[in-house]
Amino acid sequence: MPDAPGLELIAQELNDAQEGSVVGTYHEHGQACLIVDPRHILHVLRWLRDTPAQQYRFLAGLHAADYLPAEPRFGVHYELLNMARVERVRVRAALADPGGEELPELDSCVELFPTAEFQEREAYDFFGISFRGHPDQRRILMPEDYVGWPQRRDFPMGGEPVIFTRDEPTAPGWYE
Amino acid sequence: MRRERIRALAPLEQPATREELRVRQLRARDLLRGDLDGAELEKHVEESVLATTLEKVLNWGRANAMFPATFGLACCAIEMMAIVSPRYDIARFGAEAMRASPRQADFLILSGRVSIKMAPVVRRLYDQMLEPKWVISMGACSSSGGMFANYAVVQGADKFMPVDIHVPGCPPRPEALLYGFNKLQRKILGNPDAGWRARYNAAGTEEWAHDETITDGGIEEYQRAREIARAAADA
C-alpha cells in the first residue's frame, strides 16, 4: 500500500485534478484510506484506476457502513488493489443521511468495475444507499417485498425476547 | 393324546421347547390331511392366526418404511447426513431411502434455521408432500429461532407449518435425531388419529374432505370428517 507520504501525494494530485474531491486521509493499522466527497467518487475511482503511476485496476470489495451517530452518517468503502505491486488503497465516500424516507445517493461505479454490480445491490439491500446509474438496482439477499434497511443501526433487532432464569434479578416475576 | 396336554401357544409365538415344536408340526400335518376337527382345529387356528385391524397393520407398515425428503437447511444438515452413514445407520429403522422429490417423501427433517425468504419455499415443499406426512424440526433454530433472534430468521418453523417432533440441540447429535425419529414412529403406531390436524384445529383440510363445509371445532369436527370419509369409501 502507499505509505503515509505517498497517500498524501495521491490526495494532492486528486485535488489538483478536481478541486475538493478528497476531504481527508488516514493511515492506520497499515491501511491507507482516502475520504472522498461523494459527488466526485467516480472521478477518484477512475483516476486511481487509469493513471499510469497508480493502476489500481481491481475492485477487491465494496461495502457500506453506518456510523450513526457520527456525521456524515454513511460510508461506502471501495477496496482497490494494484495486482502488479500488490498494493491496496481504500476509498471511503462519506454520505450524509438526507433524512425521512429519502435515500442517500451515490454514483454507481459499475461502468468502471463490473464486479460492483452485485456489491452495490447488497449495499442497497442492507443500508438503503441508492446508486445512480446502476443497471438493475433491487434487493439481492432479503425478500423482494421486504420493508426497511435491516443493517442500519436504528433498525430494530427483531426476533422474540426470551427471558432466562438468570434474568430473575433484573426482571422479577417474568414467569407470570 | 399326549399333545393335548401341551399348552396352547399365543398367536405367532415361537415354540419354546422341542416338544412344543413337534406338537405343532404334527397338528399341521393332521390339518393338511383333513384329519383335524373340533377342539384340535380351534387350537390350531388360535395359534397360527393373528387378528388385528387394517389400520394397525397399515400404520405398522408406515412406521417401518419411512422415506425422508432429501432436504438440508443449514449446519444441522451435516448431522442429518450422518444418520444415513453406517455408524448411525437409520436403515435399521427402515428410513434410509432419501427421496429427491417431496412427492415421494413421507417426512421432512427441518435441519437448520429457516430464514423468512426460505419459509415460503419450505411451506411449498411441505404442501407438495402426499399425505400422510410428518415433520421433524431438528435443532434449536428451526424449533424456536435459536441464537438467531434477528430480522432475517423465522422464530420457529411451527409458525407457518405443522411440526410433529422437535429435537433439541445445537446441533443435535445424530443419536438424538434417531431418537426423535423413533418417537415419530411411536406416534405413528400409537395414536394415528390424534395427529396434527386435531392439535392444530385443521380438520377438513384433507384432500378427501375438501368439498364438505367443515369450519371449526377441533376433535369432534375431525371425527365427523372421518365419518364422512368412511361413508364415502363404503358407498
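Residues numbered from 1 in each chain as written. Chains lettered and ligands numbered in written order. Predicted model: local features only at pLDDT ≥ 70, side-chain atom pairs only at ≥ 80, totals over all residues.

(A) View of the overall build of chain B. A count of helical and extended segments in chain B gives nine helices and three strands. From first element to last, N terminus to C terminus, chain B shows the α and β order α-α-α-α-β-α-β-α-β-α-α-α. In chain B, buried positions account for 27% of the 235 residues. Taking the contacts inside chain B whose residues are at least 6 apart along the sequence as the reference set, 68% of them involve residues at least 24 apart. (Helix = DSSP H or I, 4+ residues; strand = E, 2+ residues; numbered from the N terminus. Buried ≥ 20, exposed ≤ 12 C-beta atoms within 10 Å, placed from the backbone. Contact = placed C-beta atoms within 7 Å.)

(B) Layout of the sheet that holds strand E1 (residues 107-111) of chain B. All names here are of chain B. Spatially, the three strands line up as an open sheet ordered E1-E2-E3, and their pairing is parallel. Lying at the two open borders of the sheet, with one neighbouring strand each, are E1 and strand E3 (165-167). Across the sheet, the axes of successive neighbouring strands diverge by a mean angle of 15°, strand direction being ignored. As defined by bridge partners, strand E2 (residues 134-138) adjoins E3 across three bridges and the pair is classed as parallel. Paired with Ile136 across the bridge in E3 is Ile165. Where helix H7 (residues 174-190) meets the sheet, it contacts E1, E2 and E3, and its direction lies at approximately 165° from that of E3. (Pairing = 2+ DSSP bridges. Axes fitted to C-alpha atoms, helices over the stretch in contact; angles between N-to-C directions.)

(C) Just the domain arrangement of chain B, in detail. For chain B, the assigned domains read domain 1 (2-48), domain 2 (60-192) and domain 3 (194-235). A separation of 47 Å is found between the C-alpha centroids of domain 1 of chain B and domain 2 of chain B. (Domains from an automatic or database assignment.)

(D) Region of interest: the interface of chain A and chain B. Contacts between chain A and chain B engage seven residues on the former and seven residues on the latter. For the side of chain A that touches chain B, a count of residues per class yields four nonpolar, two polar and one charged. (Nonpolar A, V, L, I, M, F, W, Y, C, P; charged D, E, K, R; others polar.)

(E) Spatial organisation of the nonpolar core. Formed by 36 residues in total, the largest nonpolar core has its most connected members in Phe107(B), Leu108(B), Leu110(B), Val135(B), Ile136(B) and Met138(B). Looking at this core, the elements that each hand over two or more residues are helix H4 (76-82), E1, helix H5 (119-128), E2, helix H6 (139-144), E3 and H7 of chain B. If you look at the next biggest cluster of nonpolar residues, it comprises 34 residues, including Val89(A), Leu95(A), Val110(A) and Ile129(A). (Core = buried A, V, L, I, M, F, W, Y, C linked by C-beta atoms within 7 Å.)

(F) View of unusual backbone geometry. The residue after Glu131(B), namely Pro132(B), is reached through a cis peptide bond having omega 0°. If you trace the backbone, Pro132(B) turns up in the loop between H5 and E2. With an omega of -10°, the peptide bond between Cys170(B) and Pro171(B) qualifies as cis. Notably, Gln55(A) is not glycine yet its phi reads approximately 60°, a positive angle. Mapped onto the elements, Gln55(A) comes out in the loop between helix H2 (41-50) and strand E3 (58-66). Residue class for Gln55(A) comes out partly exposed when judged on the 16 C-beta atoms lying within 10 Å of it.

(G) Looking closely at the sheet that holds E3(A). Residues and elements named next belong to chain A. Spatial strand order, E1-E2-E5-E4-E3: five strands in an open sheet with mixed pairing. At either end of the open sheet lies a strand with only one pairing partner, and these are strand E1 (22-28) and E3. Direction aside, the axes of adjacent strands within the sheet are offset by 20° on average. Relative to strand E5 (residues 87-95), strand E4 (residues 74-82) runs antiparallel, the two sharing nine bridges. Bridge pairing in E5 places Phe74 opposite Leu95. Sheet strands touched by helix H1 (residues 4-17): E1 and strand E2 (31-36). Its angle to E1, the strand with the most contacts, is close to 170°. Across the sheet, H2 touches E2, E4 and E5, and the angle it forms with E5 is around 175°.

(H) Focus on helix H1 (residues 18-33) of chain B. For H1(B), which comprises 16 residues, the first-to-last C-alpha distance of 23 Å matches the rise-based estimate of 22 Å (1.5 Å per residue) to within 8%. After H1(B) finishes, the residue Gly34(B) shows a positive phi value of roughly 90°. (Expected span 1.5 Å × (residues − 1).)

(I) Examining the environment of Leu68(A) more closely. Within the secondary structure, Leu68(A) is located in the loop between E3 and E4. When sequence neighbours within four positions are dropped, the list of residues in contact with Leu68(A) reads Arg73(A), Arg153(A) and Asp154(A).

(J) Looking closely at the confidence of the model for chain B. For chain B, per-residue confidence averages 82 on the pLDDT scale, and 82% of positions sit at 70 or higher. The ipTM value of the predicted complex is 0.77, and its pTM value is 0.71. (pLDDT = per-residue confidence, 0-100.)

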